[in-house]
Amino acid sequence: MRPQEVVPVRPTAALTPLVALALAASALTACGGGSGSDPDTVKISFKQSTDNSIKVMDTYLADIKKQFEKAHPGKKVELVPIKAPDSEYYTKLQQMLRSPKTAPDLVYEDTFLINSDITSGYLKPLDPYLAKWPDWDKFIDTAKTAAKGEDGKTYGVPDGTDTRGLWFDKDIFKKAGLPADWQPKTWNDILTAARTIKRKAPDTIPLNIYTGKPVGEAATMQTFEMLLYGTNDGTTDPLYDKSGKKWIAGGQGFKDALSFVETVYKEKLGPDVSDALDPNVMTRVRGEWLPQGKLGIALDGSWLPQDWLPGSGHEWPEWSEELGLAAMPTQNGQAPGKVSMSGGWTWSIPAKAGNPDLAFEFITTMQTKANAQKWYVANSGIAVREDVAKDPAYATAQPGTEFFTDLVANTHYRPAYPAYPKVSVAIQEAMEGVTTGDTSVDEAASGYTDALKDATDNQVVER
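The rules we used
- Residues numbered from 1 in each chain as written.
- Predicted model: local features only at pLDDT ≥ 70, side-chain atom pairs only at ≥ 80, totals over all residues.
- Heavy atoms only, no water.
- Buried < 20%, exposed > 50% of the residue type's maximum accessible area, 1.4 Å probe, protein only.
- Helix = DSSP H or I, 4+ residues; strand = E, 2+ residues; numbered from the N terminus.
- Pairing = 2+ DSSP bridges.
- Axes fitted to C-alpha atoms, helices over the stretch in contact; angles between N-to-C directions.
- Parallel < 35°, antiparallel > 145°, perpendicular 65-115°, else oblique.
- Contact = heavy atoms within 4.5 Å.
- Salt bridge = Lys/Arg side-chain N within 4 Å of Asp/Glu carboxyl O.

**Concerning the pairing of strand E5 (residues 106-110)**
Then step 1. Within E5, five of the five residues are buried, leaving the element largely enclosed by the surrounding structure.
Then step 2. Side chains Leu106, Tyr108 and Asp110 of E5 all project onto a buried face; the interleaved residues Val107 and Glu109 project onto the opposite face, where all are buried too.
Then step 3. Bridging between E5 and strand E15 (residues 345-348) involves four bridges; their strand directions are antiparallel. Its bridge partner being in E15, aspartate 110 is matched across the sheet by tryptophan 345.

**Some words on the packing of helix H9 (residues 217-228) against helix H19 (residues 420-436)**
Then step 1. Closest axis-to-axis distance for the H9/H19 pair is 9 Å, and the angle between their directions is 70°. One finds that H9 runs roughly perpendicular with respect to H19. Facing Glu217, Ala219, Thr220, Thr223, Phe224 and Glu225 of H9, the residues of H19 in contact are Tyr420, Ser424, Ile427, Gln428 and Met431.

**A look at the sheet that holds strand E17 (residues 460-461)**
Then step 1. Pairing in this open sheet of three strands is mixed, and the strands run E9-E10-E17 from one edge to the other. Among the strands making up the open sheet, the edge pair consists of strand E9 (240-241) and E17.

**Some points on the side chain of asparagine 410**
Then step 1. Relative to the elements of secondary structure, asparagine 410 occurs in the loop between helix H18 (401-406) and strand E16 (411-413).
Then step 2. Apart from the residues lying within four places of it in its own chain, the contact partners of asparagine 410 are Pro336, Lys338, Val339 and Ser340.

**Quick look at the pairing of E15**
Then step 1. Side chains Trp345 and Trp347 project from E15 onto one buried face, and the interleaved Thr346 and Ser348 project onto a second face that is buried too.
Then step 2. Across two bridges, the pairing between strand E6 (residues 157-158) and E15 is antiparallel. Each bridged residue has a counterpart across the sheet, and for valine 157 the counterpart in E15 is tryptophan 347.

**Topic: the pattern of salt bridges**
Then step 1. On inspection of all chains with the given rule, the structure shows 18 salt bridges.
Then step 2. Residues arginine 385 and aspartate 135 are paired through a salt bridge, measuring 3.0 Å at the closest nitrogen-oxygen approach. One end of the pair, arginine 385, is in the loop between helix H15 (369-378) and helix H16 (386-389); the other, aspartate 135, is in the loop between helix H5 (127-130) and helix H6 (141-145), with 250 residues separating them in the sequence.
Then step 3. A salt bridge links arginine 463 to aspartate 241; the nearest nitrogen and oxygen atoms lie 3.8 Å apart. Separated by 222 residues along the polypeptide, arginine 463 in the segment after E17 and aspartate 241 in strand E9 bring together distant segments of the chain.

**Quick look at the environment of tyrosine 448**
Then step 1. For tyrosine 448, the position within the fold is in helix H20 (residues 441-455).
Then step 2. In this structure tyrosine 448 touches Leu239, Ile248, Ala249, Gly250, Phe254, Val423, Ala426, Ile427 and Ala430, once residues within four positions along its chain are discounted.

**Some details on unusual backbone geometry**
Then step 1. Put simply, alanine 335 and proline 336 share a cis peptide bond, and its omega is 10°.
Then step 2. As for its position among the elements, proline 336 is in the loop between strand E13 (328-329) and strand E14 (338-342).
Then step 3. The backbone of lysine 245 sits at a positive phi, close to 55°, despite the residue not being glycine.
Then step 4. Among the structural elements, lysine 245 can be located in the loop between E9 and strand E10 (246-248).
Then step 5. Owing to a relative accessible area of 61%, lysine 245 belongs among the exposed residues under this scheme.
Then step 6. Despite not being glycine, aspartate 457 shows a phi value in the positive range, around 55°.
Then step 7. Along the polypeptide, aspartate 457 turns up in the loop between H20 and E17.
Then step 8. According to the relative accessible area criterion, aspartate 457 is exposed, its value standing at 65%.

Rendered as structure tokens:
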């Protein structure tokens with residue numbers, strides 16, 4: 001392939017002054033035949049739900065497309081959905097990003113993979129744009145950090161974050177004689193409640209925690225890290241030593257988290273192992289088990305209500321009356337008492353995008369205060385713009401919003417460095433081993449440490 005030609009950019013009349021200034025600051029790369037072969041069309045790739053009835057993202061982007069095209073006469077937006085489970089979406093996206101012939105102008109990036117894509121050279125730093133965009137100052141610092149590379153540059157604009165906690169069925173709790181205002185203080189409180197449900201409501205699943213490789217990052221983040229980050233006092237990262245820049249071997253906290261997973265499946269407090277290792281189990285939790293009153297407790301995310309809103313195809317207006325919410329406690333109730341994990345997604349511009357200027361302009365359209373707030377509500381997301389978070393209309397827009405927003409004070413972000421995807425897979429393998437009973441906790445922890453060394457070029461420390 002011939003070297004790409006660097007050409008000066010002439011901002012069109014359709015662009016705002018802030019984008020024109022950003023473009024004037026640095027020349028952009030153009031490559032014919034790619035996503036930018038039509039200078040008047042911006043191509044947007046995003047993850048489309050595998051559930052045909054879930055149209056939250058599609059509906060939102062269709063609205064932004066109308067706004068954008070109206071405000072930019074002569075410019076067009078082409079939406080390029082990728083309908084696939086998370087793991088397949090990541091693979092497809094990376095394949096698209098490798099070539100200027102297939103790279104879109106704007107992509108939806110999960111924060112846990114963004115550093116891997118940055119290291120691979122797939123994404124463009126956005127700092128020249130952000131420096132001229134006043135609204136960037138309204139984003140919370142932790143969300144900004146999630147989109148930063150190890151080089152200190154920013155490669156994405158977050159569209160919200162999320163937190164995690166315990167959802168529980170009030171009717172099942174009533175049958176089991178458990179309190180409607182249940183707030184567990186320790187891991188043992190959760191297991192005790194699950195055992196009680198198993199005895200007194202045997203036709204239900206007492207507790208769901210995601211596990212194993214088939215569900216991917218959901219197992220790592222929504223289960224294992226929710227446990228692991230509750231094994232200490234919250235002041236140090238139990239997965240990665242930032243000062244030494246090394247990953248932490250499978251020590252006692254790691255084993256304790258695995259033991260919890262082992263107990264759930266060994267005592268049959270969770271779904272059947274075959275169901276737990278079904279890649280579609282997440283869809284079953286929110287689309288079947290919870291709405292149909294088949295699940296007592298679910299360790300899950302703040303976004304679940306998006307599936308139950310009017311027009312979703314799975315409308316469940318009574319969910320806020322039938323489900324209770326509780327914070328995930330630390331292992332033994334030690335300070336800070338509760339724990340959450342946060343992630344989220346960002347909008348990023350591929351390094352080989354043909355129309356990066358239009359792409360950033362589309363981002364700014366999505367991220368006005370009004371549009372951002374509309375997305376947080378529609379997606380059951382947590383605001384990352386301070387002005388939205390302080391708006392009473394946001395806090396009261398949906399039941400549960402205030403609860404999950406309050407968890408931000410006790411939340412943690414994954415150490416999403418380039419090696420993290422491989423580390424995550426190693427955690428999933430360890431979880432799967434104790435879930436099926438094929439390996440003991442000690443064996444799984446030892447296997448994790450070996451895999452960790454391979455994944456990180458032996459950048460591992462014992463703790």
